[in-house]
Every structure is written in structure tokens, then in C-alpha cells.
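Observations on the three-dimensional arrangement
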Amino acid sequence: MGIVERIKEIEAEMARTQKNKATEYHLGQLKAKIAKLRTQLLEPPKGSSGGGDGFEVTKYGHGRVALIGFPSVGKSTLLTMLTGTHSEAASYEFTTLTCIPGVIHYNDTKIQLLDLPGIIEGASEGKGRGRLKLFVSQVIAVAKSSDLVLMVLDASKSEGHRQILTKELEAVGLRLNKRPPQIYFKKKKTGGISFNTTAPLTRIDEKLCYQILHEYKIHSAEVLFREDATVDDFIDVIEGNRKYIKCVYVYNKIDVVGIDDVDRLARQPNSIVISCNLKANRLLARMWDEMGLVRVYSKPQSQQPDFDEPFVLSADRGGCTVEDFCKHVHRTLVKDMKYALVWGTSTRHYPQHCGLSHHLEDEDVVQIVKKKVREEGGRGWFKSHSNAPARIADREKKAPLKQ
Ligand SMILES: Nc1nc2c(ncn2[C@@H]2O[C@H](COP(=O)(O)OP(=O)(O)OP(=O)(O)O)[C@@H](O)[C@H]2O)c(=O)[nH]1
Ligand SMILES: [K+]
Ligand SMILES: [Mg+2]
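Being a predicted model, the structure only gives us computed values, none of them experimental. (Residues numbered from 1 in each chain as written. Chains lettered and ligands numbered in written order. Predicted model: local features only at pLDDT ≥ 70, side-chain atom pairs only at ≥ 80, totals over all residues.)

1. With respect to the overall build of the protein chain
Each helix and strand counted, the protein chain has 13 helices and 15 strands in total. Counting the 403 residues in the protein chain, one finds 29% classified as buried. Of all intrachain contacts in the protein chain linking residues separated by at least 6 positions in sequence, the fraction that spans at least 24 positions is 65%. (Helix = DSSP H or I, 4+ residues; strand = E, 2+ residues; numbered from the N terminus. Buried ≥ 20, exposed ≤ 12 C-beta atoms within 10 Å, placed from the backbone. Contact = placed C-beta atoms within 7 Å.)

Below, the structure is given as C-alpha cells:
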């Protein structure tokens, strides 16, 4: 029996099984079985050169956004509209057969927008033939490499599409608009399983955790639940290959639906309504907000900062502390910095003396003040050593050395 058939069989068994206290453990085990099979499904076939590497589009700019959706929802039309790069659009499905990159210039930053082939229902289980099947793994790889997914939906089509597509993406390990579960998990070679919690658990218990670990043939591990997590959360943590990505649901073609429908769709969580036949400026603003980019302007001593060329940091990618900023500017700057002067919303007064761990905010201005260069054998050398006795005395006070 193939993997897909086995998944179907277990799903059928789960559907037959009544949910109650007595079947809880059995259902948990079945969930783990499905998760394992799905992971197998994602692995490239033996002997292939990896496959599913995406479409080999080089990353460009300060962030990457992928357009994901069913065929003919208007992904290509949107790319052409937002980036000026032409991507063929037509009224038939699968017009786009590869990944088309474009660049959005917004708020002095450059964002790479990727147009992709459509995904169909059942894609995660290998539905579709030939090239179509290949697309799916490539589209998924691109989605996983992105900072934000724009799930494009046709406002005139069934509202169920949003759930169907979300399920497809979940099945291949993408988690949209979720943060990783607060569970610490570490496999060990020996020592058995140590199980701890710092929060009351109502949706999973120790015994069920052991059963799931048993299903994975894990007999030694450290497990610490820091929140009231679910069975699915625990399986996600064990699998360890989940990708947590922000997603905005973009309802396109609102020019062909009634105002009541538009109003209802606009109220869905994480959603925005647009029409490529009108203008979509709100989408750009929304996209930019979701990406959480932090523009930092570097200010040389006694000069104005260059407000045209920000250094762009991101909390999701690399972080946005003073230290992260220094690393962007020059690799030795962290070592050479004495302190930073910061102007902006991240500080209480202007300018504020800040250390490496200070968190910068969008549009902050930063001046890095460097340490004095040490004069070899001169006063500088003496100074850096002259506090040694004081340092040792200080340590003596805190923890006296044995006599
Ligand atoms: N009425 C209306 N039609 C639109 C809108 N946006 C796109 N279309 C039309 O929808 C059709 C499909 O558009 P595409 O941009 O090719 O859609 P796609 O999602 O890229 O399709 P595939 O590449 O085949 O997956 C085209 O005929 C577009 O002109 C819109 O906002 N309103
Ligand atoms: K199309
Ligand atoms: Mg297209």
C-alpha cells in the first residue's frame, strides 16, 4: 500500500472513532502516525537529486513575499500591477508554469514578490500528474523560503477555498499565523524520558506524551511544556521541520461581487479585499506592516544621516538590536563599538546612550561611537591594564579567594 493510501486509511479510522476520554490515547497515536507518513511524503524519492528545491530564484532585497493560490485567482495580474514586471495572465488555468520574481519598491526598501503556479486541492498528497506534481513541491519550497505568504483567493468563488488551501499547506508542514509551541524538546541517547510542565495541561497528559514518543521510537528525551499545548503542537515539535510563516488572505476580484460579500470577507481575520481592476495601495501598506521591517539610518559623527539609504533589519530574520545593526554595517564594528547614540521611538530621550542589546525600532537614527584605538606600549595600554587590581579586589569582595 502506498503512503497516501495509508494516510487515507488512518484518517478514515479517526473519523470512525468517537472522541472521548477512553479513545484519546488511541487518537493521539493515530495523529502521530499520520504526521510521520506526511513527512515521508515530503522526502524526495531515493536516488533523485533532492527535488523540490524551489524554482532556484535568487533571493533579492530586504524580504521575500510569495503569492500562493488556486489557479486563475489573479496572482500574475497582481504581480504585474505591484512590480511592473510582466507576468502572463489569462482566463485559463495554469497560465503560469514557473516562478516569476518582481520587485516592490516601498518605504525605501525593496521587497521581492514571487508569482507562482496555482496549487490544486489534494496537492499535498501528490494529486496531479507530471509537471503539476513537480510544481507542488517547488511551490512549497518557495513558500517556506518566504517571509510572508499572500494567499490569493477569488472573492467570487466558494469561501471554503481558504480552508482547503490552508489545509493543503498545513499538510506539508507550513503553519500560517501561528507561533511555535512553547515546548522544549530534546532527544537524548540514554536516561529515559524526563517530563516537566510549567503550565497546567488540559489537552494532553504525560501518558499520551509517552505514547506519542513511543510511536516515534524515542525512549530518551527531555520534555518541558511551557504552555497548555495540544497533541498536534507536541507532534509539530517532535517533527521539528515545521515552518511558521505570516500569511495575509487576499480576496481579489471584489469588483464582481456584491458589497455585502465584500464587507463580510473584509472582516475575516488576517484578510484584505482588493481588485486588480482597481488599485491596491492598501495591500502594499498591509504587506509592509506584516513584514515588520525596521529601517535604521546610520549617522556619521557630526553629519546628517543618509535618509535615502536605510539599513533594513527584521525581528524575524537576524533581529533588530544595536548589535544586529553593527553586523549589517561592518563585521568588526561590534568589537570596536564603545556605545551607540540612538534617536527615535525606541528611546526615551534624544539621543540615548545604548548598548549592543538595545532593540531598535523603525526609522531610528544610530551613531556608533567607537573605542579609542589603543596605542601600543603607550598610555592606552597602561590605561586598559591599570584597572586590573580594582577588578580583582572587586571579585574578592563578591567571592573571596581561598587562602
Ligand atoms: N474581474 C476581475 N478579474 C480579474 C482580477 N484580477 C485578475 N482577473 C482576471 O482573472 C484571470 C486570471 O488571472 P491570472 O492573473 O492569470 O491568474 P493566476 O492566478 O495567475 O492564474 P494561473 O497562473 O493560471 O494560476 C484573468 O483573466 C484576469 O484578467 C480582478 O481583480 N477582477
Ligand atoms: K490564469
Ligand atoms: Mg499566473
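2. Thoughts on the domain arrangement of the protein chain
Interfaces are often sized by the amount of accessible area the parts lose when they come together. Partitioning the protein chain into domains gives domain 1 (3–43 + 181–239), domain 2 (63–178 + 243–290) and domain 3 (293–370). Look at where the C-alpha atoms of domain 1 and domain 2 centre, and you get two points 32 Å apart. The partner domain 2 presents 5 residues to the 5 residues of domain 1 that form the contact. Breaking the side of domain 1 that touches domain 2 down by element, the ones donating at least two residues are helix H1 (3–16) and helix H2 (24–42). (Domains from an automatic or database assignment.)

3. Section: the sheet that holds strand S11 (residues 293–298)
If you trace the 5 strands from one edge of the open sheet to the other, you get S12-S11-S15-S13-S14, paired in mixed fashion. For this open sheet the edge positions go to strand S12 (311–314) and strand S14 (352–354), each flanked by a neighbour on one side alone. Strand-to-strand twist across the sheet, computed as the mean angle between neighbouring axes with direction ignored, equals 35 degrees. In this fold helix H10 (residues 322–329) packs onto S11, S12, strand S13 (337–343), S14 and strand S15 (364–370), with an angle of close to 135 degrees to the strand it touches most, S12. (Pairing = 2+ DSSP bridges. Axes fitted to C-alpha atoms, helices over the stretch in contact; angles between N-to-C directions.)

4. Thoughts on the packing of H2 against helix H6 (residues 206–215)
For the pair H2 and H6, the least separation of the axes is 9 Å and the interaxial angle reads 35 degrees. For the pair H2 and H6, the sense of crossing is right-handed. Residue-level inspection shows Glu24, Tyr25, Gly28, Gln29, Ala32 and Lys33 of H2 in contact with H6, the latter providing Lys207, Leu208, Gln211, Ile212 and Glu215. When the residues that make up the contact of H2 with H6 are grouped by side-chain class, the tally is 4 nonpolar, 3 polar and 4 charged. (Left-handed = near helix turned anticlockwise from the far one by under 90°. Nonpolar A, V, L, I, M, F, W, Y, C, P; charged D, E, K, R; others polar.)

5. Focus: the packing of H1 against H2
Running from N to C, H1 and H2 cross one another at 160 degrees; their axes reach a closest spacing of 10 Å. Compared by their axis directions, H1 and H2 come out roughly antiparallel. Our pair here, H1 against H2, has a crossing hand that is left-handed. Residues Ile3, Arg6, Ile7, Ile10, Glu11, Glu13 and Met14 of H1 pack against Leu27, Leu30, Lys33, Ile34, Leu37, Arg38, Gln40 and Leu41 of H2. (Parallel < 35°, antiparallel > 145°, perpendicular 65-115°, else oblique.)

6. Side note on the sheet that holds strand S6 (residues 183–187)
In a beta sheet, neighbouring strands pair by backbone hydrogen bonds and run either parallel or antiparallel. With mixed pairing, the 3 strands of this open sheet are ordered in space as S6-S8-S7. Edge strands, defined here as strands with exactly one partner in the open sheet, are S6 and strand S7 (193–197). Pairwise comparison of adjacent strand axes, ignoring direction, gives a mean angle of 5 degrees for this sheet. Sheet strands in contact with H6 are S7 and strand S8 (221–225), and its direction is about 140 degrees off that of S7.

7. Let's talk about the nonpolar core
Membership of the largest hydrophobic core comes to 66 residues, with the highest contact counts inside it found for Leu67, Ile68, Val149, Leu150, Met151 and Val250. Of the residues that make up this core, three or more belong to each of domain 2 (63–178 + 243–290) and domain 3 (293–370). With near-sequence residues (within four places) excluded, Leu67 lies in contact with Lys75, Leu78, Leu79, Leu113, Leu114, Asp115, Leu116, Leu150 and Val152. The next biggest cluster of nonpolar side chains, apart from the first, holds 14 residues, and it includes Leu208, Cys209, Ile235 and Ile238. (Core = buried A, V, L, I, M, F, W, Y, C linked by C-beta atoms within 7 Å.)

8. Quick word on the site of ligand 1
Neighbouring ligand 1 are 24 residues; Gly74, Ser76, Ala89, Thr96 and Gly118 lie closest to it. Residue classes in the shell around ligand 1 are distributed as 8 nonpolar, 12 polar and 4 charged. (Near = placed C-beta within 6 Å.)

9. Description of unusual backbone geometry
Of note, the amide linkage connecting Tyr350 to Pro351 takes the cis form, showing an omega dihedral of -25 degrees. Within the fold, Pro351 resides in the loop between S13 and S14. The backbone of Asn177 sits at a positive phi, close to 55 degrees, despite the residue not being glycine. Assignment of secondary structure puts Asn177 in the loop between strand S5 (174–176) and S6.

10. Some thoughts on the environment of Lys187
Relative to the helices and strands, Lys187 is located in strand S6. Spatially, the C-alpha atom of Lys187 lies 9.0 Å from that of Ile238, the residues being 51 residues apart in sequence. Beyond its immediate stretch of four places on either side in the chain, Lys187 contacts Ile218 and Ala221.

11. Some remarks on the environment of Ile3
Mapping Ile3 onto the fold places it in helix H1. Separated by 38 residues in the primary sequence, Ile3 and Leu41 place their C-alpha atoms 6.9 Å from one another.

12. A short note on H6
Within the span of H6, buried status applies to Leu208, Cys209, Ile212 and Leu213. End-on view of H6: buried residues confined to an arc of 140 degrees, all on one side of the axis. (Arc of directions from axis to C-beta.)

13. Describing the pairing of S7
As defined by bridge partners, S7 adjoins S8 across 5 bridges and the pair is classed as parallel. The partner of Ser194 across the bridge, within S8, is Glu222. Handedness of the crossover joining S7 and S8 through H6 is recorded here as left-handed. (Right-handed = clockwise from strand over helix to strand, strands pointing away.)

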